Amino acid sequence: MTDPAATEPLATEPVVVGYDGSPESLAATEWAAHEARRRGCPLDVLQAWPWPRQDVVGSEETYRHAMDQLAFRTEELRPLAGPGPVTSSIVPTDPAEALEAAGNSATLLVLGSRGLGAVRGFLVGSVSQEVLRRAGCPVVLVRAEAAEPEGPVLVGLDLTHPMDDVLAFAFDAAIRRRAPLRVVHIWSPPVSSQYMALQAVGGLKGELSAVERTRFAEQLDPWRERHPEVSVTADLIQGSRSAALVDAAAGARLLVVGRRIRRTLLGAHLGPVAHAAIHHVHCPVALVPHA
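Each chain has its residues counted from 1, following the order in which its sequence is written. Whole-chain, interface and lining totals are the exception, using all residues; otherwise, since this is a predicted model, local features are given only for residues with pLDDT of at least 70 and side-chain atom pairs are given and counted only at 80 or more. Processing note: side-chain calculations cover all non-hydrogen atoms of the structure and skip hydrogens and water entirely.

A. A look at the nonpolar core. Definition of nonpolar core: a set of buried residues of the types Ala, Val, Leu, Ile, Met, Phe, Trp, Tyr and Cys, connected through side-chain atoms within 4.5 Å. Burial here depends on accessible area, computed with a 1.4 Å probe over protein chains only, as a share of the maximum for the residue type. Under 20% is buried, over 50% is exposed, and the range in between is partly exposed. The biggest cluster of nonpolar side chains holds 46 residues, and the ones touching the most others in it are Leu43, Val110, Leu181 and Val256. The helix and strand labels rest on DSSP assignments: H or I over at least four residues marks a helix, E over at least two residues marks a strand, and numbering proceeds from the N terminus. Of all the elements, helix α5 (residues 164–177) adds the most residues to this core, at seven residues. Residues count as neighbours in contact if any of their non-hydrogen atoms are within 4.5 Å of one another. Excluding its chain neighbours within four sequence positions, the residues that come into contact with Leu181 are Val153, Val155, Ala170, Phe171, Ala174, Val230, Ser231, Val232 and Thr233. Membership of the second largest hydrophobic core comes to 36 residues, among which are Ala106, Leu111, Cys137 and Leu270.

Next up, the structure:
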């Protein structure tokens with residue numbers, strides 16, 4: 001069967017992936033190379049390191065070793081990345097700043113995420129968290145030594161905000177992978193309902209679920225009509241949004257969630273659903289900025 005990317009003209013915006021020689025960055029660069037092939041676009045491997053002063057003993061040797069390591073990895077990725085160019089560079093600046101700047105002209109940023117920590121959550125480093133808060137393009141976190149499984153693309157919808165950018169990314173990912181798409185919306189009745197009589201609570205839940213189903217269909221149906229070639233499953237799930245999304249992602253090959261940046265006096269931070277996804281979902285997680 002023909003590769004979808006092979007029939008399209010080469011895109012100009014690259015997939016940019018962060019690299020530092022760690023196992024998680026090896027996994028991220030491999031995933032990014034396959035994604036560049038799927039999209040028919042360039043791959044840019046970026047290593048950012050605020051180098052020490054040149055008069056520090058060993059700094060030149062360290063730099064040459066890093067350059068050699070980066071060049072070797074770049075050559076390994078060329079056969080995986082398809083017809084587009086594969087480039088690499090070392091930027092002598094703060095990694096989060098370098099990746100954020102690269103994201104201004106990228107179609108996608110890809111970062112590595114370490115394995116499970118002591119509390120059974122994935123370890124997301126400070127650089128990745130900073131990029132997730134600040135990047136203007138979609139960002140994908142790839143787990144160390146974890147291949148993309150053969151499952152559906154999963155996307156979580158928040159019906160209280162426009163999600164066209166998120167749905168566009170999810171449908172495109174499903175098309176390029178020839179994978180089914182599962183769309184979930186997780187809802188719960190208002191907290192005040194716990195004080196109502198059981199019969200009244202049951203009636204309220206029925207009314208609320210009917211409203212949620214209508215809003216769900218209003219967001220999803222135009223995309224189904226636009227892409228009839230995609231096999232779509234839509235699920236309305238009652239429960240805690242963070243926990244239910246993590247459970248739903250079991251077996252998915254890619255989770256797509258919206259990334260709505262919240263700003264407080266302490267600075268920008270991710271919402272609770274995105275936070276749960278990047279720390280507890282096993283498959284690659286794409287965070288797509290939306291209004």
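B. Examining the sheet that holds strand β4 (residues 108–113) more closely. Strands were regarded as paired on the criterion that DSSP finds at least two bridges between them. In spatial order, the strands read β3-β2-β1-β4-β5-β12-β9-β6-β7-β8; together these ten strands make up an open sheet with mixed pairing. Looking at which strands have only one partner, the edges of the open sheet turn out to be β3 (86–91) and β8 (232–238). Strand after strand, the sheet turns through a mean of 25 degrees between neighbouring axes, direction not considered. Of the strand pairs in this sheet, strand β1 (residues 15–18) and β4 are connected by three bridges, and their pairing is parallel. The residue of β4 that forms the bridge with Val16 is Leu109. Fitted lines through C-alpha atoms give the axes, limited to the stretch in contact for helices. The angle between two N-to-C directions lies from 0 to 180 degrees.

C. Looking closely at the side chain of Arg39. For Arg39, the position within the fold is in helix α1 (residues 23–39). By relative accessible area, Arg39 is classed as buried at 11%. Among the polar contacts listed, one links the side chain of Arg39 to the side chain of Glu35, at a separation of 2.7 Å. Under this definition, polar contacts are N or O atom pairs within 3.5 Å; protein pairs additionally need one hydrogen-donor-capable and one acceptor-capable atom, and for neighbouring residues in sequence, both atoms have to be side-chain atoms.

D. Spatial organisation of the confidence of the model for the protein. Across the protein, the average pLDDT comes to 83, with 78% of residues at 70 or higher. pLDDT is defined as a per-residue confidence score from the predictor, taking values between 0 and 100. Under a pLDDT of 50 for its full length, residues 193–204 has, in the predicted model, five contacts with residues more than four places off or in other chains.

E. Inspection of the packing of α1 against α5 at higher detail. Contact geometry of α1 with α5 gives a least axis separation of 10 Å together with a crossing angle of 90 degrees. Here α1 is positioned roughly perpendicular relative to α5, judged by the angle of their axes. Here Trp31, Glu35, Arg38 and Arg39 of α1 lie close against α5, whose contacting residues are Phe169, Asp172, Arg176 and Arg177. Three categories are distinguished: nonpolar for Ala, Val, Leu, Ile, Met, Phe, Trp, Tyr, Cys and Pro, charged for Asp, Glu, Lys and Arg, and polar for the others, with Gly belonging to the last. Of the residues that constitute the contact of α1 with α5, the class distribution is two nonpolar, no polar and six charged. Angle categories: roughly parallel below 35 degrees, roughly antiparallel above 145, roughly perpendicular from 65 to 115, and oblique for all the rest.

F. A look at the packing of aromatic side chains. The criterion for an aromatic pair is that two Phe, Tyr or Trp rings (for Trp, the six-membered ring) have centres within 6.5 Å, with stacked assigned to planes under 30 degrees apart, edge-to-face to planes over 60 apart and tilted to the rest. A complete count under the given rule lists one aromatic pair for this structure. Centre to centre, the rings of Phe171 and Trp223 are 5.9 Å apart; their planes meet at 25 degrees, and the pair counts as stacked. With Phe171 in helix α5 and Trp223 in helix α6 (residues 198–226), the pair connects residues that are 52 residues apart, well separated along the chain. Both residues of the pair, Phe171 and Trp223, belong to the buried class. Cation placement over rings: the criterion is NZ of Lys or CZ of Arg within 6 Å of the ring centroid and within 35° of the ring normal. Positioned over the ring face of Trp31 is Arg38, at 5.8 Å from the centre of the ring. Lying over the aromatic face of Trp223, Arg226 brings its terminal NZ or CZ to 4.2 Å of the ring centre.

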